[in-house]
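Structure assessment
What follows is the residue order along each chain.
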Amino acid sequence: MNDFSWGQLVNPEFYIKLGGIYLVLFIVFAETGLFAGFFLPGDSLLFLSGIYSKELIREIFYIESDFLSVFLLSCLISIAGIIGNEIGYWFGKKSGTYLYNKKDTFLFKKKYLFQAKEFYEKHGGRAIILARFLPILRTFAPIIAGIVQMNKGKYLLYNVLGSTAWSFSLLFAGHYLYQIFLKEFNFDLKRYIETIVLVMVIVTTAPVVVKLFFQKNNDISEN
């Protein structure tokens, strides 16, 4: 810790080596359930956790099988993500009444809440699932779902589906891509963690940036 730098806070390997599986699970929970967790690494942390899956799961169980290690780790991370989203939904639902009764201000317009509610009624399930794969949005999507009072049963279903798809896809991708690159090309992905993180950030945020850019241009052209 004597060599700590602020840049390490966005490096998933820092968290894995600092706190192991327990810190990984907490970060997944915090990023999906707490306002302050939006800056934490999500996709890259899961991808890297797949690479370190055997070392991480052995902190709890001793398992020799690679497949079982990454499978059990995926299950644990899925559960952490589900609980995190449930906390986010609960917080949003509790604070929603206040927002619906709040008067319009320069920064707050009540009509946006009704628009969000309508959007979640039409596309809520897809929004909850896709938000899992998008930084920042996965932190606020469950809170907004609670604010607009999305149906609890429907929300829970898509919460489980989204968390499972997110954790299993990224963990298994990290684990087996690492194995393939190492065996077939003698290429160790662990040596290029910073590049991998940068690529994943670009890939996951690019669709959001593009959508916002075109939406802004459309709004300007309409005006």
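So, the overall build of the protein
Within the protein one finds eight helices and zero strands. Listing every helix and strand of the protein by position from the N terminus yields α-α-α-α-α-α-α-α. The contacts of the protein with a sequence gap of at least 6 include a subset with a gap of at least 24, amounting to 74%. Put simply, the protein shows about 12900 Å² of open surface, and 68% of that area lies on carbon and sulfur atoms.

Here's the deal with empty space enclosed by the protein
Inspection of every chain in the model, using the stated rule, returns one cavity of 30 Å³ or more. In this structure, the largest cavity is lined by Pro12, Ser44, Phe47, Leu48, Ile51, Ile193, Ile196 and Val197. Counting residues per element, the ones that place at least two in the lining of the largest cavity are α2 (43–51) and α8 (193–222). Sort the elements by how many residues they give to the lining of the largest cavity and α2 lands first, with four residues.

A look at helix α6 (residues 137–147)
Summarising burial for α6: eight of the 11 residues are buried, a large majority. All of the buried residues in α6 are Arg138, Thr139, Ala141, Pro142, Ile143, Ala145, Gly146 and Ile147. Phi turns positive one or two residues past the end of α6, at Gln149, with a value near 55 degrees.

Description of the nonpolar core
Ile16, Ile51, Leu73 and Ile77 are the most contacted members of the largest nonpolar core, which has 32 residues in total. Residue contributions to this core peak at nine residues, all from helix α1 (residues 12–33). In this structure Ile77 touches Val24, Leu25, Val28, Leu46, Ser163, Ser167 and Leu171, once residues within four positions along its chain are discounted. Judged by nonpolar contacts, the second largest core, of 10 residues, contains Tyr120, Ala127, Ala131 and Ala145.

What about the packing of α2 against helix α7 (residues 152–185)?
Two measures define how a pair of helices packs: the angle their axes make with one another and the distance between the axes. With their axes 7 Å apart at the nearest point, α2 and α7 run at an angle of 50 degrees to one another. Taken as axis vectors, α2 and α7 run oblique relative to one another. Seen from above, α2 lies across α7 with right-handed handedness. Contacts between α2 and α7 involve Asp43, Leu46, Phe47, Ser49, Gly50 and Ile51 from the former and Trp166, Ser167, Leu170, Leu171, Ala173, Gly174, His175, Leu177 and Tyr178 from the latter. Split into classes, the residues belonging to the contact of α2 with α7 amount to nine nonpolar, five polar and one charged.

What about the packing of α1 against α2?
Running from amino to carboxyl end, α1 crosses α2 at an angle of 105 degrees, the nearest separation of the two axes being 11 Å. Here α1 lies roughly perpendicular to α2, going by the angle between them. Here Pro12, Glu13, Ile16, Val24, Ile27 and Val28 of α1 come into contact with α2, specifically with Ser44, Leu45, Leu46, Leu48 and Ser49. Of the residues assigned to the contact of α1 with α2, the class counts are eight nonpolar, two polar and one charged.

Some details on the confidence of the model for the protein
Chain-level pLDDT for the protein is 81 on average; 78% of the residues reach the 70-or-more range. Confidence, read as mean pLDDT per element, is least for α8 in the protein (64) and greatest for helix α3 (residues 53–57) (93).

Let's talk about a nonpolar patch on the surface
A contiguous nonpolar patch, built from Phe67, Leu68, Phe71, Tyr176, Leu177, Ile180, Phe185, Phe187 and Tyr192 and spanning about 820 Å² of accessible area, is present on the exposed surface. Listed by contribution, the elements that provide at least two residues to the nonpolar patch are α4 (66–101) and α7. Take Leu177: it is sitting in helix α7.

About the cut-offs
Residues numbered from 1 in each chain as written. Predicted model: local features only at pLDDT ≥ 70, side-chain atom pairs only at ≥ 80, totals over all residues. Heavy atoms only, no water. Helix = DSSP H or I, 4+ residues; strand = E, 2+ residues; numbered from the N terminus. Contact = heavy atoms within 4.5 Å. Areas by Shrake-Rupley, 256 points an atom, 1.4 Å probe, with all protein chains shown as cover. 1 Å grid on protein atoms, 1.4 Å probe; cavity = no way out; pocket = protein on both sides within 12 Å on 5 of 7 lines; lining within 4 Å. Points joined across faces, edges and corners; volume = space filled by probe spheres on them. Buried < 20%, exposed > 50% of the residue type's maximum accessible area, 1.4 Å probe, protein only. Core = buried A, V, L, I, M, F, W, Y, C linked by side-chain atoms within 4.5 Å. Axes fitted to C-alpha atoms, helices over the stretch in contact; angles between N-to-C directions. Parallel < 35°, antiparallel > 145°, perpendicular 65-115°, else oblique. Left-handed = near helix turned anticlockwise from the far one by under 90°. Nonpolar A, V, L, I, M, F, W, Y, C, P; charged D, E, K, R; others polar. pLDDT = per-residue confidence, 0-100. Patch = residues over 30% accessible without salt bridge, like charges linked within 9 Å, V, L, I, M, F, W, Y side chains within 5 Å. Salt bridge = Lys/Arg side-chain N within 4 Å of Asp/Glu carboxyl O.

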